[in-house]
Amino acid sequence: MQEGKTGKYLKYALGEIILVTIGILIALQVNNWNEERKRQEEFALTIEQIYNVLEVEIQELLFIEYHSFQQNLYLDTLYNHQELLSPAMIPGILNYQEAEPSPFKTSIGFLLQNLKVKPGNTTEILLARDLTEYASFANLDFNRSEKLIKELLLAETIPTPDLIFGIGLNQGFLEMPGVFSETQILKSQAMITRPEVRAALIKAAVLHDSYSAEAFHIRELGEKLKGEIKKQFPQVKLLYENLGLVGDGSPNKDWGTDVPLVKISDEPSIWEAEIELVGGPVKFRENQTWNRNWGGRTFPEGHMDWQGPNIQVPAGKYRVILNLTEKTYEFQPLNP
């Protein structure tokens, strides 16, 4: 009889052990599931941050490409068709040939440290690999000019003001009234035919092509990655905030006070406002700073150019529409 009781007790104890073990396994499974869900959420958040870093960096690289190309357009005209240029622009164009882009360094490296990839997840592993490759390549130093043109200008006592790459051209600073005397302008014209000047111009052209090609290569990688992220994580969106219009042509008539735009949709990223413009130059920017700003070359619609020239707008009331996804702007006239 005692043996029967013992057997029942052992069966009961064994059953309890099995139940506890099952409970522990279920708890571990639930914990693992929660941890994986948390990891996936953090992964997606980090990916969206990287997506938005790429969004900005692609625009920065396009800026370098475009303005390197523009330098060579001016250089070609100077070298082959000097007669097409205003003489007063020639000293400025010579100076601008040695303006160089600021160094480009990607910002995704820090974010990659937070990217926790699931072992065995091939999709995540390959994406992390490609992002790491981009981070290793996307660091460009453009300080390679020998400043040969500057030396030649100084030898002729022609001023060599520092012109900021891209910005000087966008704001129309190449003519620089009052900087060069009539004698200095004539000297700069005469210099163009000298062999050492033409050799220096050729060297500058090769450097511009090199800078443009380097920026293009990195931008191509960035655009491919941005597309791949959108394909794998369709929920990612562009994260812009506090977009505004500013300029002498705005109702505030200054470059310090923005007229706010309102976000209409996330996908595509559309911002709008109805604004009574007084007429004159305007630009768009984010957070009332110049870190991220856009101009344009046409009216009433056009492409948003990163750090671009002022948009000249006539006076009137408009519905202003920005499409940050497509990088376009439009001024739709409103009836009075």
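Preceding this paragraph is the structure being described.
This is a predicted model, so every value here is computed, not measured.

Caption draft 1: Seen up close, the packing of aromatic side chains. Taken as a whole and assessed by the stated rule, the structure comprises twelve aromatic pairs. Aromatic pair Phe-63 and Phe-165: ring centres 6.1 Å apart, planes at 80 degrees, arrangement edge-to-face. Placement of Phe-63 in helix α1 (residues 2-80) and of Phe-165 in the loop between α5 (148-155) and α6 (167-170) is noted, with a sequence separation of 102 residues between them. Exposure class is identical for Phe-63 and Phe-165. Each is buried. When the centroid spacing of 5.5 Å and the interplanar angle of 40 degrees are considered together, the rings of Phe-299 and Phe-331 count as tilted. In this pair, Phe-299 sits in the loop between β8 (293-295) and β9 (301-303) while Phe-331 sits in strand β13 (residues 328-333), placing the two residues 32 residues apart along the sequence.

Caption draft 2: Seen up close, the side chain of Lys-327. With respect to the element layout, Lys-327 can be found in the loop between β12 (316-323) and β13. We classify Lys-327 as buried; its relative accessible area is 9%. Not counting the four nearest positions on each side in its chain, Lys-327 is found in contact with Glu-55, Gln-59, Leu-238, Tyr-240, Gly-302, His-303 and Met-304.

Caption draft 3: Quick look at the nonpolar core. Counting 82 residues, the largest nonpolar core has Leu-131, Tyr-134 and Phe-331 as the members making the most contacts within it. Setting aside its immediate chain neighbours within four residues, Tyr-134 contacts Leu-54, Glu-57, Leu-61, Phe-104, Thr-106, Ile-108, Ile-218, Leu-221, Gly-222 and Leu-225.

Caption draft 4: Structural detail: the packing of helix α4 (residues 122-137) against helix α8 (residues 195-232). Running from N to C, α4 and α8 cross one another at 155 degrees; their axes reach a closest spacing of 10 Å. With respect to their mutual orientation, α4 and α8 come out roughly antiparallel. Read as a crossing pair, α4 and α8 show a hand that is left-handed. Residues Thr-123, Leu-127, Asp-130, Leu-131, Tyr-134 and Phe-137 of α4 touch α8, and the partners they reach there are Ile-218, Leu-221, Gly-222, Leu-225, Glu-228, Ile-229 and Gln-232. For the contact of α4 with α8, the residue count by class is eight nonpolar, three polar and two charged.

Caption draft 5: Geometry of the side chain of Asn-95. With respect to the helices, strands and loops of the structure, Asn-95 is situated in helix α2 (residues 90-96). When its relative accessible area of 10% is taken as the criterion, Asn-95 is described as buried. A distance of 3.3 Å separates a polar atom in the side chain of Asn-95 from the backbone oxygen of Pro-159. Apart from the residues lying within four places of it in its own chain, the contact partners of Asn-95 are Leu-153, Pro-159, Thr-160, Pro-161, Leu-163 and Phe-180.

Caption draft 6: View of the pattern of salt bridges. Under the defined criterion, the tally for this structure stands at 18 salt bridges. A salt bridge links Arg-219 to Glu-223; the shortest N-O distance between them is 3.1 Å. In this pair, Arg-219 and Glu-223 both sit in helix α8, four residues apart, roughly one turn of the helix. The exposure class assigned to Arg-219 is buried, which follows from its relative accessible area of 12%. The exposure class of Glu-223 is partly exposed, given its relative accessible area of 37%. Of the charged contacts in the structure, one is a salt bridge between Arg-297 and Asp-305, with a shortest N-O distance of 2.9 Å. Three or more residues are tied together by salt bridges with common partners; here these are Glu-55, Lys-226 and Lys-327.

Caption draft 7: Just the sheet that holds β13, in detail. Overall, antiparallel pairing links the five strands, which are arranged β5-β6-β12-β13-β9 in an open sheet. Edge positions in the sheet fall to β5 (262-265) and β9, since each has one partner strand and no second. Between one strand and the next, the sheet's axes are offset by a mean angle of 25 degrees, whatever the strand orientation. The pairing of strand β6 (residues 270-277) with β12 spans eight bridges and is antiparallel. Looking across to β12, one finds that Ile-270 is bridged to Asn-323.

Caption draft 8: Main features of α4. Taking 1.5 Å per residue, 16 residues should reach 22 Å; α4 reaches 23 Å between its end C-alpha atoms and fits that length. Along α4, the positions that sit buried rather than exposed are Glu-124, Leu-127, Ala-128, Leu-131, Tyr-134 and Ala-135. Summarising the axial view, the buried residues of α4 lie within an arc of 120 degrees, below the 170-degree limit, and thus occupy one face. Among the exposed residues of α4, those oriented more than 90 degrees off its buried face are Thr-122, Arg-129 and Ser-136. Between the side-chain oxygen at the start of α4 and the backbone nitrogen of Thr-123 there is a gap of 3.3 Å, and the oxygen is on Asn-121.

Conventions used here
- Residues numbered from 1 in each chain as written.
- Predicted model: local features only at pLDDT ≥ 70, side-chain atom pairs only at ≥ 80, totals over all residues.
- Heavy atoms only, no water.
- Phe/Tyr/Trp six-rings, centres within 6.5 Å; stacked < 30°, edge-to-face > 60°.
- Helix = DSSP H or I, 4+ residues; strand = E, 2+ residues; numbered from the N terminus.
- Buried < 20%, exposed > 50% of the residue type's maximum accessible area, 1.4 Å probe, protein only.
- Contact = heavy atoms within 4.5 Å.
- Core = buried A, V, L, I, M, F, W, Y, C linked by side-chain atoms within 4.5 Å.
- Axes fitted to C-alpha atoms, helices over the stretch in contact; angles between N-to-C directions.
- Parallel < 35°, antiparallel > 145°, perpendicular 65-115°, else oblique.
- Left-handed = near helix turned anticlockwise from the far one by under 90°.
- Nonpolar A, V, L, I, M, F, W, Y, C, P; charged D, E, K, R; others polar.
- Polar contact = N/O pair within 3.5 Å; in protein donor to acceptor, adjacent residues only side chain to side chain.
- Salt bridge = Lys/Arg side-chain N within 4 Å of Asp/Glu carboxyl O.
- Pairing = 2+ DSSP bridges.
- Expected span 1.5 Å × (residues − 1).
- Arc of directions from axis to C-beta.

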